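Coordinate analysis (summary)
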Amino acid sequence: MSAFVIRGAQLADGTRTDVRVDGGVIVELGTIGTADRTVHADGLLLLPGFIDLHTHLRQPGGEGSETVLTGSRAAAAGGYTTVHAMPNTTPTADTPGVVEQVAALGEEAGYVDVRPIGAVSKGREGVELAELVAMARSRARVRIFSDDGSCVADPLLMRRALEYARIVDGVVAQHAEEPRLTAGAQLHDGAVAADLGLKGWPAVAEEAIIARDALLAESTDSRLHVCHVSTAGSVEVVRWAKARGIRITAEVTPHHLWLTDEAARGYDARFKVNPPLRTAEDVDVLRAALADGTIDAVATDHAPHPAEAKRSEWSAAAMGMVGLESAVLVVQAAVVETGLLGWPEVERAMSRRPAEIAGLADAARPIAVGRGADLVLLDPSARRRFDVGDLAGRSTNSPYLGQELPGRVVATFFRGVPTVLDGRVRAPEEIGAAW
Ligand SMILES: [Zn+2]
């Protein structure tokens, strides 16, 4: 493994420093003398690599949309060094065999740490509990369990899942959506849905499940994580639960911090997503909740789909958008440039808190001597049009294509090896090679 110095980088707190990396570890900080290999970082911001709690890599079974390799490249392009792969694959990641397969594909790809999320129920059918403890004790060391894409709607199954997750010091990540309240729903239940004649998706379908699950987590003394919080009411419930001492954490997606249901007026299915885009008022509350820590983390819900799945009419189109490559750019636009968050808070929301929630001790530490060299180098002063060339995964269902976005990922280092250099994702054969 190669040694190098990142020279003149600025850390989140404004400190300027050189960073020497050797053997995949940060070995020196401060003013560093000569080095064989230097990465010039004047004017650039150095943060711990981002950690995504919510990524759909689609493999096994959905390789037409994404694979572990292509999704890993998309992650690196966005400054990520760890992603958590959702289990809604074919077959479902609900056994030690499947989660170990996904983890092994991630190791082979070598761009990011791919950590599988195990399904809560067998086949994600919401009926029978999956092998939570066996997945936790497998080589994949699963710590997050989720039926994401579907809600664990049955309260008895949810309570059991919380109890089993506690045994392995894990967490249940709930896709909060009461299915009886969202059957056939197409867009946030509000003025835009009414104008477009689309069936409304009520906020209470999300909020009621979060409230129920918070109480179940309290009664079992277990940890609950709420996926993609999207409404002002959900924020209120999470805030109440935290104040009560319930062990609850929550994530928000970049798109719910930036886009509203108004974007659906053109019936452009790139804006169709689950949970749906909400109102400007919800967006304001979500931003404030991320700033004050009520919402712990930003998670992408990167959801690749082939072009044909998005080309059909709104009601038939697939739900979801890709988000790994654009995440930090949208976060900069939505909450940094609006003055709500500084870079230390971005570091907290995109790296430290996700690491803590997922039980990744080393990654939860700040940039310091002895820490693993999972790092991202950003140019916050950049501003350019986001286009299809910025996407490194297999699918192109991004809602931001053609939009001007601030910021740029200049380099990403995974275990001390550059996966992105000069804004370019390196080829698979370059990853293992000396540079
Ligand atoms: Zn979901």
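Here the residue index of a chain counts from 1 through its sequence in written order. Restriction of local features to residues with pLDDT of at least 70 applies here, the model being predicted, together with a cutoff of 80 or more for giving and counting side-chain atom pairs; totals for whole chains, interfaces and linings are based on all residues.

This brings us to the nonpolar core. Under the definition applied here, buried Ala, Val, Leu, Ile, Met, Phe, Trp, Tyr and Cys residues are grouped into a nonpolar core through C-beta atoms within 7 Å. Here exposure depends only on C-beta density: within 10 Å of a residue's C-beta, 20 or more other C-beta atoms make it buried, 12 or fewer make it exposed, and intermediate numbers make it partly exposed, the C-beta atoms being placed from the backbone. If you look at the biggest cluster of nonpolar residues, it comprises 135 residues, and the most contacted ones within it are Leu46, Ala161, Leu286 and Leu377. In DSSP terms, a helix is any run of H or I states spanning at least four residues, a strand is any run of E spanning at least two, and both are numbered starting from the N terminus. Ranked by residue count, the leading element in this core is helix α11 (residues 327–336), at eight residues. All the domain ranges listed were derived from an automatic or database domain assignment. Taken domain by domain, the makeup of this core includes at least three residues from each of domain 1 (4–45 + 371–382 + 391–430) and domain 2 (49–362). What counts as a contact here is a pair of residues whose C-beta atoms, placed from the backbone, lie within 7 Å. For Leu46, the residues in contact, after removing those within four places along its chain, are Ile6, Ala9, Gln10, Leu11, Val19, Ala41, Ile367, Leu375 and Leu377.

To continue, consider helix α2 (residues 96–109). Taking 1.5 Å per residue as the helical rise, α2 with its 14 residues ought to reach 20 Å, and the 20 Å between its terminal C-alpha atoms agrees with that figure. In this structure, the buried residues of α2 make contact with α1 (68–77), β7 (80–85), β8 (113–116) and α3 (132–137). Gly110 sits one or two residues past α2 and shows a positive phi near 80°. To estimate how far a helix should extend, the number of its residues minus one is multiplied by 1.5 Å.

In this description, a line fitted to the C-alpha atoms serves as the axis of each element, helices being fitted only across the stretch in contact, and the angle between N-to-C directions of two axes falls anywhere from 0 to 180 degrees. Where helix α4 (residues 155–167) contacts helix α7 (residues 204–220), the two axes come as close as 10 Å, and the packing angle between them is 45°. Relative to α7, α4 is oriented oblique. Remark: the crossing between α4 and α7 carries right-handed chirality. Seen from α4, the contacting residues are Pro155, Met158, Arg159, Leu162, Glu163 and Arg166; seen from α7, they are Arg212, Asp213, Leu216, Ala217 and Thr220. Between 65 and 115 degrees an angle is taken as roughly perpendicular, under 35 as roughly parallel, over 145 as roughly antiparallel, and anywhere else as oblique. Should the near helix be turned anticlockwise from the far one by less than a right angle, the crossing is left-handed, and should it be turned clockwise, the crossing is right-handed.

Another aspect to go through is helix α8 (residues 232–243). Along its twelve residues, α8 runs 17 Å from first to last C-alpha, staying within 8% of the 16 Å computed at 1.5 Å per residue. When α8 is considered as a whole, its buried residues turn out to be Ser234, Val235, Val237, Val238 and Ala241. Take α8 and look down its axis: the buried residues cluster within an arc of 160°, on one side only. Elements that come into contact with the buried residues of α8 comprise α7, β13 (224–226), β14 (248–252) and α9 (280–292). Arc definition: it is the arc formed by the directions from the helix axis to the C-beta atoms.

At least two DSSP bridges between two strands are required for those strands to pair. A sheet is described by the order of its strands in space; here five strands give the open sequence β9-β10-β13-β14-β15, paired in parallel fashion. The open sheet has two edge strands, β9 (144–145) and β15 (297–298), and neither has a second partner.

A separate point is the UniProt feature "active site" (unreviewed entry) in the chain. UniProt positions are given in the numbering used here, feature names are shortened, and annotations may be inferred rather than shown by experiment. Here the UniProt feature "active site" (unreviewed entry) sits at Asp301. By the secondary structure assignment, Asp301 is in the loop between β15 and α10 (307–311). Taking the C-beta count within 10 Å as the criterion, Asp301 has 29 such neighbours and is therefore assigned buried. If near-sequence neighbours (up to four positions away) are discounted, Asp301 is found in contact with His54, His228, Thr253 and Gly323.

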